[in-house]
Structure formats: C-alpha cells, structure tokens
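Analysis of the macromolecular model
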Amino acid sequence: MQRAINFGAGPSAIPLEVLKEAQEQFLDFNGSGLSIMEASHRSKLYEDVHNNAIALMCELYAIPEDYDVLFLQGGASLQFAMIPMNLTLGGKIQFVDTGVWSSKALKEVKIQGLNVEVVASSKESNYDRIPENIVFDDNADYAYITSNNTIFGTQYKNYPSTKAPLVVDASSDIFSYPVDWTKVDMMFAGAQKNAGPSGVTIVIIKKSLLERVSESVPTMLRYKIHAAENSLYNTPPTFGIYLLGLTLQWIKRQGGIKAIEANNEKKAKLLYDAIDNSNGFYVGHAQKDSRSLMNVSFNIKDKNAELEAKLIKLSVEKNMIGLKGHRSVGGLRASIYNAMTVEGVQALVDLMQSFANENR
Ligand SMILES: *Cc1c(COP(=O)(O)O)cnc(C)c1O
C-alpha cells in the first residue's frame, strides 16, 4: 500500500496514526464486542467517548468555563443560517467579506430579512488579503469573520477587537493555533478539514449567547437545546465524534496546539519560500501579510494554464493529490492542514523547484 500525499482542501488528510487506531478498534471497541459505530448514543460506552472528546477539546484549546462545546450536523453551511436565527436581537449584524465562504454566510442572513452590513471587503482585489482597519459597531448584534479563507489562501493574523460578540468561521484553521478567547464569542467549524471526518460540526459558544434565541426557532436549530442536552438531544454523528476525539488525542501527543502551530509555520515557510525564491516563476495569490498557513494558493507566471496543468499532472505521477486550484483563483492550491507532514510539503517543494528549472 502506498498512501497518497493528500493536499486536498476538504475532506482532507487525517493523521495516519489516527486511522490506524480506528482500524485496530473498529470491530471491537475497548473489549465491548461492538464497533463504536454500533453502540447506542445513550450507552456508557459512547457517552465516555463523547464526553472525553469535549473535555480534551476544552483542555487543548484552553476553552474558558463560560463556553459550551456542541457537536452538530449540517456542516459549516447550516451554521450560516443558524447563527442569525440564534443570535439576532433585531438590530444590526456586521460582516467582513473575505471571499466565497463569508459571502455564502452573508447570503443566509439576507434570506432571513435581517439588517446586515459589510464593514470591509477585499473583493476589489479578488480577495487577495484580509482588509485592514476593520471597525465594527460596538452595539451590533454580532460581528462575523472567516478566520481562514480556504479558497483564496488568506488568514487573519489577529482577530479584530470589538465589544460586539465576535463569531468566527474557523472551518479551515480550527486547532491550528492557540485562540485568544477574550476576543471570540462563538467559533464554528465543519470537522472535515482540520479535525476529523465530515459529518460533525463543532460549535464553541459563550453560554450567555444561548439565551438570545426566540421560541419561534425550530427546536433542532436552537443552540440552547443542544447545549442543555450535551449535544445528545437526538442521535449525534457518533463515529465522527469518536474520530474527532482520536484526532484531539493525536494533537496532544504532538505536544498540543502550540507545537502544532510551530509545525504549521515550518511547513508554510517551506512552501512560501519556494514561491518567493522562484524568480517570479511561481506567484502567490495572497499578499504576504495575509498569507494562510493552511491553504497556499498560487499560479505559474502569467497564469500559464498549460504549465499549471502539466505540473498538476506530474504531481499526480509523484503520488500527490488535490493540488488543482479552485476555479476562482486557478493555478494550484496546496492545503497543508495539521495532518500534512513536513516530508509531504518537502516533496512538493522539490517538485516545484525541479519543474521551475526545467520550464522557465
Ligand atoms: C469548507 C468550508 C465551509 C463549508 O463547510 P461545509 O461543512 O461543507 O458546510 C465553510 N467555511 C469555510 C471557511 C470552509 O473552508
């Protein structure tokens, strides 16, 4: 068996150790004679898995006591609709527009007929940066940002400060650096990029925000219900939560979130250096001070589509997958989430360098 070096944007690479552990335990979880997939979500067997995943997340991510951790379904995309349903007070909602995902989230607020404003956008420059000097109104119902822009390869280095509750879509950079919770009131992420398989959505929300929801919001769409029921109001995605727990244990074995961050910085530097030292053969999409440590989007000089296709074809021959860029940027995108190894990135850098030498 040869495992592919997976640069896919999502669902994406899962640490090999995690997959092996799940494989070992697949038929007989902890001597129970069951796969964890077959266990009742009301059983002690499953409840321990569930509660351990929450406890480990709180420990590793240093989540303060006045927040709840929820496991929901429907992906990050359902959160785009649930957030305004749960957090509106009938006032103003404010957004920063940094690309496809924030635009989709904005659309769901508009569908609900709520009052929403874009306070900053980088649309003019095809979302190649995080806008500077973002100012939210302190009295907004909430402020909304996308911490990492998966398609354009941009990322906030610091979250904006505001007295309004800040909501962060961290679908593509959750657990990749320590979070300053004094700045964040709600964070959410589909698990499938940096935290495990698809099917689980992580919501970390300040308890005080749970009280805002009106009784006219359907039961399953209220954070308050899921918080009161410890995300066991109905059947949760048990196998995905189990794998999320294994992924968190793996993060702990790596030395925790700070160690993960240091490794992510090292990987990103290798790739960005390869771009910057290519004498203009490779051109990064993001402005330098907005560069993502998770998704590196780049083109070949003059957006040469023929050479880009040739490089992607060669990468596949070298066992690398998922490097084709999103159509809105073209070129290539290397997604180097927590589970990507330094060796994997080095293999890509080696290929990029030899390709540039042969084709410039
Ligand atoms: C992938 C992604 C989403 C969409 O996630 P789904 O779980 O597929 O709904 C939302 N936001 C960001 C930043 C993403 O990268």
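Residues numbered from 1 in each chain as written. Predicted model: local features only at pLDDT ≥ 70, side-chain atom pairs only at ≥ 80, totals over all residues. Heavy atoms only, no water.

1. Quick word on empty space enclosed by the protein
Applying the stated criterion across every chain yields a total of one cavity of 30 Å³ or more. In this structure, the largest cavity spans a volume of roughly 80 Å³. Together, 14 residues line the largest cavity, and Pro15, Asn194, Ala195, Thr247 and Ala339 are the ones closest to its centre. Its residues assigned to classes, the lining of the largest cavity comprises eight nonpolar, five polar and one charged. (1 Å grid on protein atoms, 1.4 Å probe; cavity = no way out; pocket = protein on both sides within 12 Å on 5 of 7 lines; lining within 4 Å. Points joined across faces, edges and corners; volume = space filled by probe spheres on them. Nonpolar A, V, L, I, M, F, W, Y, C, P; charged D, E, K, R; others polar.)

2. Things to note about the packing of aromatic side chains
One pass over the structure, following the stated rule, counts 15 aromatic pairs. A centroid spacing of 4.3 Å and a plane angle of 15 degrees characterise the contact between phenylalanine 95 and tyrosine 144, whose relative ring orientation is stacked. Of this pair, phenylalanine 95 sits in strand β3 (residues 92–97) while tyrosine 144 is found in strand β5 (residues 142–146), placing the two residues 49 residues apart along the sequence. Here a set of aromatic residues connected by ring pairs shows up, and it is made of Phe80, Phe95, Trp101, Tyr144 and Phe188. (Phe/Tyr/Trp six-rings, centres within 6.5 Å; stacked < 30°, edge-to-face > 60°. Helix = DSSP H or I, 4+ residues; strand = E, 2+ residues; numbered from the N terminus.)

3. With respect to the nonpolar core
Counting residues in each nonpolar core, the largest one holds 54 residues, and the members touching the most others are Met57, Tyr61, Tyr159 and Phe175. Examining the composition of this core, we find that eight residues originate from one element, helix α6 (residues 238–253), more than from any other. Not counting chain neighbours up to four residues away, the residues in contact with phenylalanine 175 comprise Met57, Tyr61, Asn194, Ala195, Ile202, Leu244, Leu248, Ile251, Ile257, Ile260 and Asn338. (Core = buried A, V, L, I, M, F, W, Y, C linked by side-chain atoms within 4.5 Å. Buried < 20%, exposed > 50% of the residue type's maximum accessible area, 1.4 Å probe, protein only. Contact = heavy atoms within 4.5 Å.)

4. Some details on the site of the ligand
Contacts to the ligand come from 13 residues, most closely from Ser77, Thr150, Asp169, Gln192 and Lys193. With respect to the ligand, the side chain of threonine 150 contributes an N or O atom lying 2.5 Å from an oxygen atom. Note that an oxygen atom of the ligand is positioned 2.6 Å from one of the side-chain N or O atoms of lysine 193. Of the residues contributing to the shell around the ligand, the split by class is three nonpolar, eight polar and two charged. (Near = heavy atom within 4 Å. Polar contact = N/O pair within 3.5 Å; in protein donor to acceptor, adjacent residues only side chain to side chain.)

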